[in-house]
Amino acid sequence: MTGNLSLLGSTGSIGTQTLDVVRKLGIPVCALAAHSNIDLLEQQAREFSPKLVAVYEEQAALELKKRLADSHIEVTVGMEGLCQAAKYPEADVVLNAVVGMVGLQPTLEAIEAQKNVALANKETLVAGGTLVMEKAKQKGIKILPVDSEHSAIFQCLQGCPTPKALNRLILTASGGPFFGKTREELKQVTPQQALKHPNWNMGAKVTIDSATMMNKGLELMEAFWLFSMPVDRIDIVVHRESIVHSLIEYQDHSMIAQMGVPDMRIPIQYAITWPERYPSPVEQLDLTKVGSLTFYSPDEETFTCLRACKKAIRKGGLAPAAANGANETAVPLFLQGKISFPDIGCLVEQAVERQEAGTVSCLEDILQADNAARAFVLDSVGAR
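Enquirer: So, the sheet that holds strand β10 (residues 244-250): which residues are in play, and what are the values?
Expert: The strand order β9-β8-β10-β11 describes an open sheet built from four strands, whose pairing is mixed. One side of each edge strand has no neighbouring strand; the edge strands of this open sheet are β9 (234-238) and β11 (255-259). Strand-to-strand, the axes of this sheet are offset by a mean angle of 20°, without reference to chain direction. Bridge count for strand β8 (residues 166-173) against β9 is five bridges, and the pairing is parallel. The partner of Ala173 across the bridge, within β9, is Val238. Across the face of the sheet, helix α7 (residues 148-156) comes into contact with β8, β10 and β11 while running at roughly 40° to β10.

Shown next, in the form of structure tokens:
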């Protein structure tokens, strides 16, 4: 089992489920990091007694420091604090569950400090895949996937004899709350409707990404980097029941699937205990209750975020960073009622098309492409 854990994004959906796993397995926590929810972060700090707690928002960090004055817990602030938690000397594994581009720099810091990274932050590989995978290889550390789909593929690959034996990867998608809807119908979608996911309990950003199928586009780009698989050999199928979490196909056309109830604690636990398996807090899957499993082709003409992500990864270079930056800016605008649901995909696709591929040589290159895409979206809707 893993030694000390540093958990970035401890108050979010993945973070709280990680602590549920940690609690049951008795894994020590040496560092916690969150954005600004200090009420929950204080509770976590008092329960798990980390040596360091990082708060991204400055005023919240100052308040938490006062609250924890009776403890020996060090409180740090901002990106610097987040990076301190990521490279904390006593950490054996860093689980990165922060949302958005803010997660890229801490991932790079953790790798530099030779920490294995359990990765739930999609943007790290979407925008910075070149830098992250090169540095991980250079430092000899593992990037362990936490997303249910990538964890499923990772688990299936444990029995793969050689890379040559593998034919393709198949990512499953729930299809979100608007499966089967037309583009015209999607124009009337409200944020409240988009936030009702049929199977998973997730944060607002990830839930909207699932509804637009941007989530699946991001996962396709992640899979490209995680498994060194050409995009033309990564397929996506809509699987409404969310029981088959993903599959692999061998050269002989046999398939291996990973299945389970839709509960993130399974992939979280496997990422932090790999290569071992332990009893899980998750209920057993009863196939007789499920009854049937269905699979459909995704509709890229209606859910254009997926199409935009395929264009971005094929274009390469800085295009994926532009896709991600545009989406991260468009989603809040939709939630605020400033753009329509289909506008998200339109803006992402336009940001990809206007971004030159260029060369990713350093973190600054990625941040510039990200900022340019965000500015484009805000200017396009007059929101600056």
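Enquirer: Mind laying out the pattern of salt bridges, listing which residues take part and the relevant values?
Expert: According to the stated counting rule, one finds 31 salt bridges in the structure shown. Across the salt bridge formed by Arg67 and Asp39, the nearest N and O atoms sit 2.7 Å from each other. Of this pair, Arg67 sits in helix α3 (residues 58-67) while Asp39 sits in helix α2 (residues 38-48), and the two are 28 residues apart along the sequence. Since its relative accessible area comes to 27%, Arg67 is described here as partly exposed.

Enquirer: Summarise the nonpolar core; cite the residues concerned and give the values.
Expert: Counting 124 residues, the largest nonpolar core has Leu95, Ile143, Val146, Ile272 and Ile366 as its most contacted members. At nine residues, helix α15 (residues 319-335) tops the list of elements feeding residues into this core. Residues within four places of Ile143 in sequence aside, it is in contact with Ile111, Val117, Leu119, Val132, Met133, Ala136 and Leu226.

Enquirer: Describe the sheet that holds strand β3 (residues 52-55), listing the residues and the values that go with them.
Expert: The pairing of strands in a sheet happens through backbone hydrogen bonds and is either parallel or antiparallel. Spatially, the seven strands line up as an open sheet ordered β4-β3-β2-β1-β5-β6-β7, and their pairing is parallel. If you trace the sheet from one side to the other, it starts and ends with β4 (74-77) and β7 (143-145), each paired once. Between one strand axis and the next, the sheet turns through 15° on average, direction left out of account. Contacts between α3 and the sheet are confined to β3 and β4, with β4 contributing the most and set at about 170° to the helix.

Enquirer: Can you explain the packing of helix α1 (residues 13-25) against α2? Please cite residues and give values.
Expert: With their axes 13 Å apart at the nearest point, α1 and α2 run at an angle of 15° to one another. If you check the angle between α1 and α2, you find them roughly parallel. α1 and α2 meet at a crossing whose hand is left-handed. For the pair formed by α1 and α2, the contact residues are Thr16, Leu19, Val22 and Arg23 on the first element and Leu40, Gln44, Glu47 and Phe48 on the second. In the contact of α1 with α2, the residues fall into four nonpolar, two polar and two charged.

Enquirer: Just give me the short version of the packing of aromatic side chains, but keep the residues and values in it.
Expert: Taken as a whole and assessed by the stated rule, the structure comprises six aromatic pairs. Relative to Tyr296, the ring of Phe179 lies with its centre 5.0 Å away and its plane at 50°, an arrangement referred to as tilted. Taken together, the positions of Phe179 in the loop between β8 and α8 (183-186) and Tyr296 in the loop between α13 (287-290) and α14 (304-315) put the pair 117 residues apart, joining distant regions of the chain. Take Phe179: its relative accessible area is 31%, and that puts it in the partly exposed class. Ring plane angle 90° and centroid distance 5.0 Å describe the contact between Phe224 and Trp225, whose orientation is recorded as edge-to-face. Site record: aromatic cluster; members linked through ring pairs are Phe154, Tyr270 and Trp274.

The rules behind each value
Residues numbered from 1 in each chain as written. Predicted model: local features only at pLDDT ≥ 70, side-chain atom pairs only at ≥ 80, totals over all residues. Heavy atoms only, no water. Pairing = 2+ DSSP bridges. Helix = DSSP H or I, 4+ residues; strand = E, 2+ residues; numbered from the N terminus. Axes fitted to C-alpha atoms, helices over the stretch in contact; angles between N-to-C directions. Contact = heavy atoms within 4.5 Å. Salt bridge = Lys/Arg side-chain N within 4 Å of Asp/Glu carboxyl O. Buried < 20%, exposed > 50% of the residue type's maximum accessible area, 1.4 Å probe, protein only. Core = buried A, V, L, I, M, F, W, Y, C linked by side-chain atoms within 4.5 Å. Parallel < 35°, antiparallel > 145°, perpendicular 65-115°, else oblique. Left-handed = near helix turned anticlockwise from the far one by under 90°. Nonpolar A, V, L, I, M, F, W, Y, C, P; charged D, E, K, R; others polar. Phe/Tyr/Trp six-rings, centres within 6.5 Å; stacked < 30°, edge-to-face > 60°.

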